[in-house]
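Coordinate analysis (summary)
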Amino acid sequence: MGGEGVAGLGYQELRTSLCWVTGGTRPLPFLSWVLPAVPAPAMGLELYLDLLSQPCRAVYIFAKKNSIPFELRTVDLLKGQNHSDDFVQVNPLRKVPALKDGDFTLAESVAILLYLARKYEAPDHWYPQDLQARARVDEYLSWQHTALRTSCTRTMWQKMMFPIFLGQRVPPETLANTLAELDRCLQLLEDKFLKDQDFLAGPHISVADLVAITELMHPVSAGCDIFKSRPKLAAWRQRVEAAVGEDLFREAHAVLMKAKDLPPADTAMKERLKPLAQLFL
């Protein structure tokens, strides 16, 4: 009976009838007891993601692991779908991930992760209430943008995307410098953040670990065994995968791990990607 009004009439039908009887566009105020307002249908959470993107994978894993219901809206970056009119209405920055929650939209992966953690009251270890524990998570999230992300992204593009997908040669000295910077960042990740802890911010997994592991899988997808000579980091990776769940981890990285099998880009795609590709040399 929840969708019916007086005498079995639907709400909208009843409103129309009363308006016609009263000769107006709205029912008279005294009829409000007869005709309660019809609530607008709830709009669910939508996540705009491309799982080729490391921050998108972090958001995806977090939402799935915490059983957050969402509608996946895939945005293919290589096809330029982040520049479509529809997507720009969601995120004028033209970047993924992006979130739409009813009429509310949000950009930037860290902001999205924290929004989801707070709204859906995720277990405390993801983003701790304790002041200093939270500060450790914030510290890593603030550092990684211009350090680990840059070197991991450049490594994947220079070792795989340029030669295989774009058919473009990368100067050996350029790749050597990139790999050296990646090694420096990995050392900082171990010495400054992981130390002798189980996870980056303490004894339990946090959003910092999700952001970090999804970054590191970029060079792994390009054939860089960055964990082979780093047993501490390799053990941390195993703990993160176990905490997340191996099936979910593989699911989130399936697109990335198949990137080496992408067909070569056509001329139009190469031209479209040229401005972006220049950032990774």
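My aim in this report is to walk through the structure given alongside it, one point at a time.

Rules of the game
- Residues numbered from 1 in each chain as written.
- Predicted model: local features only at pLDDT ≥ 70, side-chain atom pairs only at ≥ 80, totals over all residues.
- Heavy atoms only, no water.
- Axes fitted to C-alpha atoms, helices over the stretch in contact; angles between N-to-C directions.
- Helix = DSSP H or I, 4+ residues; strand = E, 2+ residues; numbered from the N terminus.
- Parallel < 35°, antiparallel > 145°, perpendicular 65-115°, else oblique.
- Left-handed = near helix turned anticlockwise from the far one by under 90°.
- Contact = heavy atoms within 4.5 Å.
- Nonpolar A, V, L, I, M, F, W, Y, C, P; charged D, E, K, R; others polar.
- Phe/Tyr/Trp six-rings, centres within 6.5 Å; stacked < 30°, edge-to-face > 60°.
- Buried < 20%, exposed > 50% of the residue type's maximum accessible area, 1.4 Å probe, protein only.
- Lys NZ or Arg CZ within 6 Å of the ring centre and 35° of its normal.
- Pairing = 2+ DSSP bridges.
- Right-handed = clockwise from strand over helix to strand, strands pointing away.
- Core = buried A, V, L, I, M, F, W, Y, C linked by side-chain atoms within 4.5 Å.
- Domains from an automatic or database assignment.

**Section: the packing of helix 2 (residues 54-65) against helix 8 (residues 207-221)**
Axis separation between helix 2 and helix 8 bottoms out at 8 Å; the angle between their running directions is 135 degrees. By the angle between their axes, helix 2 is oblique relative to helix 8. Once helix 2 is placed against helix 8, the crossing between them reads as right-handed. Residues Gln54, Arg57, Ala58, Ile61 and Phe62 of helix 2 pack against Val207, Leu210, Val211, Thr214, Glu215, Met217 and His218 of helix 8. A per-class count over the contact of helix 2 with helix 8 returns seven nonpolar, three polar and two charged.

**Comments concerning the packing of aromatic side chains**
Across all of its chains, the model carries nine aromatic pairs by this definition. Ring geometry for Tyr48 against Phe87: centres 5.9 Å apart, planes inclined by 55 degrees, an arrangement best described as tilted. Here the residue Tyr48 occupies a position in strand 1 (residues 45-49), and Phe87 occupies one in helix 3 (residues 85-90), the gap between them amounting to 39 residues. Judged by its relative accessible area of 3%, Phe87 is buried. Aromatic ring contacts, followed pair by pair, group Tyr140, Trp143 and Phe193 into a single cluster. Between Lys192 and the ring centre of Phe193, over which it is positioned, the NZ or CZ distance is 5.8 Å.

**A short note on the pairing of strand 1**
Among the five residues that make up strand 1, five are buried, leaving the element largely enclosed by the rest of the structure. With burial as the criterion, each face of strand 1 is covered, one bearing Leu45, Leu47 and Leu49 and the other bearing Glu46 and Tyr48. As paired elements, strand 1 and strand 3 (residues 98-101) share four bridges and run antiparallel to each other. The partner of Tyr48 across the bridge, within strand 3, is Ala98. Looking at chain direction, strand 1 and strand 2 (residues 71-74) are connected through four bridges and run parallel. From the neighbouring strand, Tyr48 faces strand 2, where its bridge partner is Arg73. Handedness of the crossover is the feature at issue here: the chain leaves strand 1, passes through helix 2, returns alongside strand 2, and the resulting connection is right-handed.

**Quick notes on the nonpolar core**
Ranked by internal contacts, the top residues of the largest apolar core, which has 84 residues, are Phe62, Tyr140, Leu148, Leu200, Leu216 and Trp236. The dominant element in this core, judged by the number of residues it contributes, is helix 8, at nine residues. Shared between two domains, this core takes at least three residues from each, and those domains are domain 1 (44-122) and domain 2 (124-280). Not counting the four nearest positions on each side in its chain, Tyr140 is found in contact with Leu148, Leu189, Phe193, Leu200, Ala208, Val211 and Ala212.

**So, the environment of Val110**
Position of Val110 relative to the elements: it lies in helix 4 (residues 109-119). Linking Val110 and Pro97, residues 13 residues apart in sequence, is a C-alpha distance of 9.7 Å. Apart from residues lying up to four places away in sequence, Val110 is in contact with Leu141, Gln144 and His145.

**A look at the environment of Tyr60**
Mapped onto the fold, Tyr60 is located in helix 2. In the structure, Tyr60 is positioned 10 residues away from Asp50 in sequence and 9.6 Å away in space, judged by C-alpha atoms. Once residues within four sequence positions are removed from consideration, Tyr60 is found in contact with Leu49, Leu51, Phe70, Leu72, Leu248, Glu251 and Ala252.

**Looking at the side chain of Asn66**
Here Asn66 is to be found in the loop between helix 2 and strand 2. For Asn66, a relative accessible area of 19% puts it in the buried group. Other than its neighbours up to four places away in sequence, Asn66 contacts Ala122, Pro123 and Trp126.

**Notes on the sheet that holds strand 2**
Strand order in the open sheet formed by four strands is 2-1-3-4, with mixed pairing between adjacent strands. Whereas interior strands pair on both sides, the edge strands pair on one side only; in this sheet they are strand 2 and strand 4 (104-107). Going across the sheet, the axis of each strand differs from the next one's by a mean of 20 degrees, ignoring polarity. As paired elements, strand 3 and strand 4 share four bridges and run antiparallel to each other. Residue pairing for strand 4: Asp101 is matched across the bridge by Phe104. Strands strand 1 and strand 2 of the sheet are contacted by helix 2, whose axis makes an angle of about 150 degrees with strand 1. Running at roughly 130 degrees to strand 4, helix 4 makes contact with strand 1, strand 3 and strand 4 of the sheet.

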